[in-house]
Amino acid sequence: MAGTRLAVHATFVIELVALVLSALLYASRREHDPSASAEPFLPDRSGWTILVEDVAPAPAPGEEAFDGIVGRMGDVASRAAAGVEAVAAGFEALAGIEPAKPRVPRPRTERSSAFVREVRRKIEAYPTATIEDDSGEEALRSAIVPPMRVTLVAPQVASSAARESLARALERGFRSRSKRAPTPEIVVGATDRSDLASDVASCDEFEPPVPLGRGGARRARHPEIIVLMGCGSGSVELHGRTDVVVVKTVLKVEERDDLERHLEDHASNAVSDVFFPPITNHGDKMSSLSIELIDENPQSHVTGGDGNVSAKTRFDLIGKALSSSARTTMGPLLEDVAFLNGAETEGNNYEPSMSRGIDMQTMDAIDVEVRSTAYLRLPKQMIDHESTEDENNSVKYVSSDRLASWMNAHLQRYGSADVGWTLFVPSQANAPLMIRDDQTDETGISVGFESPTLEGKKTGDGRSNGMSITNLPSLGANEVDVNHVQRRFEGDISQSLTHLAGYIRAKYGLPASQSTPASVKYVGEMRPNLSFWELESIARSHFSSSLDLALRETDSLMATLHHHGGTLAFPPEVAHKLNNATHLLRQSMSLVDEGFPVVYATASLHGSLRYLESVQSDHRFMELPYFAPDHYLAVFSPLVLPLMLPMIAGLIREVKRFRKLRKKVGQPS
């Protein structure tokens, strides 16, 4: 019984210590949720264990020898001095002492992080060029012009030395062209494509394989120039949306010297025109699109009607045709824009040295909103009639300025999309309806209310970026095949959507419709989308500014982590995002080093920026000002100390009493 009281006291103390430790463990591991009523006491900083890049600032020039312990001691000393000054200022304020004249702090040189410094030193070796700024002023800026590596394929040439000789001749032509008109450097390598040997039996009917994946998944690879000899006529061909250029010549394989001169003097100029199409402005990124269709028919919401196809059924078919046409007409263009907005490597297995290419995946698709609105009447006083020989088929016109004012008064931009477009279906009483420009007196079916090339410069008062008049045919009583009717509607709506595609192309500084140089033959159907080389030209115009922005955002984020690392919440999910951002930034530099087209490097840069924005907006990446360890002690000390001190004192007293009783029991009587 001598140790009963000691055991009871020890049990109470152990239980209280376990309670305090469990509360501390819960508070330190609980995930932060700003919507919850309770906050964690300690920030989650477990993300530091998986962070890949060092966030510490790089040593200043000449201070490498003092980096490490000396640098850390100086940092600690400066922080301690700042803390002492703050305490002294608070004491002077409480004591009513007039503060001394504030000391002007010595300006401190901000240093970039070691990671950013490493990347900046790497890009210093890249060639640059002076180009015009997009600010609208006559200003010049220096832009990075990464070189590009292309592969020459001559399936009819068996000798590797002969293929290399052809590659050198083509490269000399590119170099001579760049001296006359500054263009990026092109490095030409030769390869053997034995798989094409069976396809060149008929040179004039040759179709190159399509190596470039479209849609969300794409394969980054070096573009190819396929040289075919012994053809019926000579030409330079661009096949569809691929990165392959075919050079056809009437020269034979044996005429090697003439073939080299042809590649150097003529073919190189035409291929350069394909590689670097002109672009007029930098353009802004587009991440969302809204398309709204308005039916003027006052009966479009009525289910009944004359004939087999009611007005409501017709309106429903128009809505289905709009969705289908938007997907087929705008889909390829939006896929290209989405890839440029941000992409990452599939599986994070980047191997730039492998000739098979690099698989990349689009991060986010363009957000497209498509809707149909029933009945909005166009005022009669806005419509001008122009009589013809057949009075029943007279053409109606509406003024572009009046149409813009009417849209501004009655329509509102759907959502907050970057680009909005309106399709107006006139009633049969007003069809066919055309738009007439008040300044030029030109007529058409589409009008832009906002200039795609000048930010904030509007040519009208419309809230939508533009509008197209879609004259759909009327349906008779015998129109019973709804699928046939929908296909007819899809053709007319697709024609109107080509004007929207032209507006988006102009927004990125390209002509409204796809075109090729006079010296190049386009093989395939011309569609209102982007060719590979137009996408490459857009990417080159964005590369320098996107790279500079990514480096500045990364450096700012790492400086925040370095200066507030002791109290900043940094969970592993946020650390993974930052790791992905730095990985994509390094991947972009590797893609440039390997000579891949810049479109892949720019897509990686934009993907890095998306991850950086996600880190900065993550609610878990924050400093917890009220639930630090000092607050933990302030909360638990009034509760625990009044219990802990008497219990510890009693425990000590019981230990002494127990030892004293043991001695008495051990002494002989």
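Residues numbered from 1 in each chain as written. Predicted model: local features only at pLDDT ≥ 70, side-chain atom pairs only at ≥ 80, totals over all residues. Heavy atoms only, no water.

**A word on the overall build of the protein chain**
Along the protein chain, the regular secondary structure elements total 12 helices and 20 strands. With 669 residues in all, the protein chain has 43% of them scored as buried. Taking contacts inside the protein chain between residues at least 6 apart in sequence as the whole, the part at least 24 apart equals 74%. (Helix = DSSP H or I, 4+ residues; strand = E, 2+ residues; numbered from the N terminus. Buried < 20%, exposed > 50% of the residue type's maximum accessible area, 1.4 Å probe, protein only. Contact = heavy atoms within 4.5 Å.)

**Remarks on the environment of R219**
Position of R219 among the secondary structure elements: in strand β5 (residues 217–220). Sequence separation of R219 and M360 is 141 residues, and the distance between their C-alpha atoms is 6.0 Å. At 2.9 Å, the side chain of R219 and the side chain of D359 are in polar contact. (Polar contact = N/O pair within 3.5 Å; in protein donor to acceptor, adjacent residues only side chain to side chain.)

**A short note on the packing of aromatic side chains**
Counting across every chain of the model gives 10 aromatic pairs. Note on F275 and F276: the rings are 6.2 Å apart at their centroids and 85° apart in plane angle, and the pair reads as edge-to-face. For the pair F275 and F276, one class covers both residues: buried. Geometrically, the ring pair formed by W406 and F424 is edge-to-face, given 5.7 Å between the ring centres and 85° between the ring planes. Residue W406 is found in helix α7 (residues 400–410), and its partner F424 is found in strand β15 (residues 419–425); the two are separated by 18 residues along the sequence. Here W406 matches F424 in class, with each residue buried. Among the aromatic residues, those joined into a cluster by ring pairs are F174, F275, F276, F339, F532, W533 and Y600. Across from the ring centre of F339, 4.7 Å away, lies the NZ or CZ of R218, which sits over that ring. (Phe/Tyr/Trp six-rings, centres within 6.5 Å; stacked < 30°, edge-to-face > 60°. Lys NZ or Arg CZ within 6 Å of the ring centre and 35° of its normal.)

**Concerning the environment of H619**
With respect to the element layout, H619 can be found in the loop between α11 (598–617) and α12 (629–666). The spatial distance from the C-alpha of H619 to the C-alpha of A569 is 9.6 Å, given a sequence separation of 50 residues.

**Focus: the sheet that holds strand β8 (residues 244–248)**
Reading across the sheet, the six strands line up as β4-β3-β6-β8-β7-β20 and stay open at both edges, with mixed pairing between neighbours. The open sheet has two edge strands with one neighbour each: β4 (186–191) and β20 (521–523). Adjacent strand axes in the sheet meet at a mean angle of 30°, parallel and antiparallel pairs treated alike. In this sheet, β20 lies alongside strand β7 (residues 235–239) in parallel orientation, the contact comprising three bridges. Bridge pairing links L238 to Y522 in β20. (Pairing = 2+ DSSP bridges. Axes fitted to C-alpha atoms, helices over the stretch in contact; angles between N-to-C directions.)

**Focus: the pairing of β15**
Of all seven residues in β15, seven are buried, a share of seventy percent or more. The alternating pattern of β15 places V419, W421, L423 and V425 and G420, T422 and F424 on opposite faces, both of which are buried. Two strands pair when backbone bridges link them, and strand β9 (residues 288–295) and β15 are joined in this way by seven bridges, in the parallel orientation. When the sheet's bridge partners are listed, S290 is paired in β15 with G420. Strand direction decides the pairing type here: β15 and strand β19 (residues 466–469), joined by four bridges, are parallel. Residue pairing across strands places T422 opposite M467, the latter belonging to β19.

**Focus: the pattern of salt bridges**
The full count for this structure, using the stated rule, is 24 salt bridges. Among the ionic pairs, E224 bridges to R221, the shortest N-O distance being 3.6 Å. Like E224, the residue R221 is buried in the burial classification. D364 is the partner of R610 in a salt bridge, and the nearest nitrogen-oxygen pair spans 2.7 Å. Of this pair, R610 sits in helix α11 while D364 sits in the loop between β11 (358–362) and β12 (367–374), and the two are 246 residues apart along the sequence. Of the residues examined, D364 reaches a relative accessible area of 39% and is grouped as partly exposed. When salt bridges that share partners are traced, they join E164, R168, E171 and R175 into one network. (Salt bridge = Lys/Arg side-chain N within 4 Å of Asp/Glu carboxyl O.)

**Re helix α10 (residues 572–593)**
Taking 1.5 Å as the rise per residue, α10 with 22 residues should run 32 Å; its terminal C-alpha atoms sit 31 Å apart, in good agreement. Looking one or two residues past α10, G595 carries a phi angle of roughly 80°, positive in sign. (Expected span 1.5 Å × (residues − 1).)

**With respect to the pairing of β9**
The element β9 is largely enclosed, with a buried count of eight among its eight residues. The two faces of β9 match: S288, S290, E292 and I294 on one face and L289, I291, L293 and D295 on the other face are all buried.

**Structural notes on the packing of helix α3 (residues 114–123) against α10**
As a packed pair, α3 and α10 sit with axes 12 Å apart at the nearest point and diverge in direction by 15°. Of the possible angle classes, the one that applies to α3 and α10 is roughly parallel. The crossing of α3 and α10 is left-handed. Where α3 abuts α10, its residues F115, E118, V119, K122 and I123 lie against T582, L585, R586, M589 and D593. (Parallel < 35°, antiparallel > 145°, perpendicular 65-115°, else oblique. Left-handed = near helix turned anticlockwise from the far one by under 90°.)

**A short note on the packing of helix α9 (residues 532–563) against α11**
At a minimum axis distance of 7 Å, the contact between α9 and α11 shows a crossing angle of 35°. Remark: the crossing between α9 and α11 carries left-handed chirality.

**Structural notes on the confidence of the model for the protein chain**
Taken over all residues, the pLDDT of the protein chain has a mean of 78, while the share at 70 or more is 74%. Of the regions scoring below 50 in pLDDT, residues 104–108 engages in one contact with residues more than four places distant in sequence or in other chains. (pLDDT = per-residue confidence, 0-100.)

**What about the side chain of S400?**
Mapped onto the elements of the fold, S400 is located in helix α7. Residue S400 is classed as buried on the basis of its relative accessible area of 6%. In contact with S400, other than residues within four places in its own chain, are I435, R436, D437, D438, V447 and F449.

**Observations regarding the side chain of S325**
Here S325 is to be found in helix α6 (residues 311–341). For S325, a relative accessible area of 0% gives the class buried. Those residues in contact with S325 that sit more than four places away from it in its chain are M330, E490, I493, S494 and L497.

**A few points about unusual backbone geometry**
Cis geometry marks the peptide bond from A431 to P432, where omega comes out at -5°. For P432, the position within the fold is in the loop between β15 and β16 (433–436). The residue D441 is not glycine, and still its phi comes out positive at about 65°. One can find D441 in the loop between β16 and β17 (443–444).

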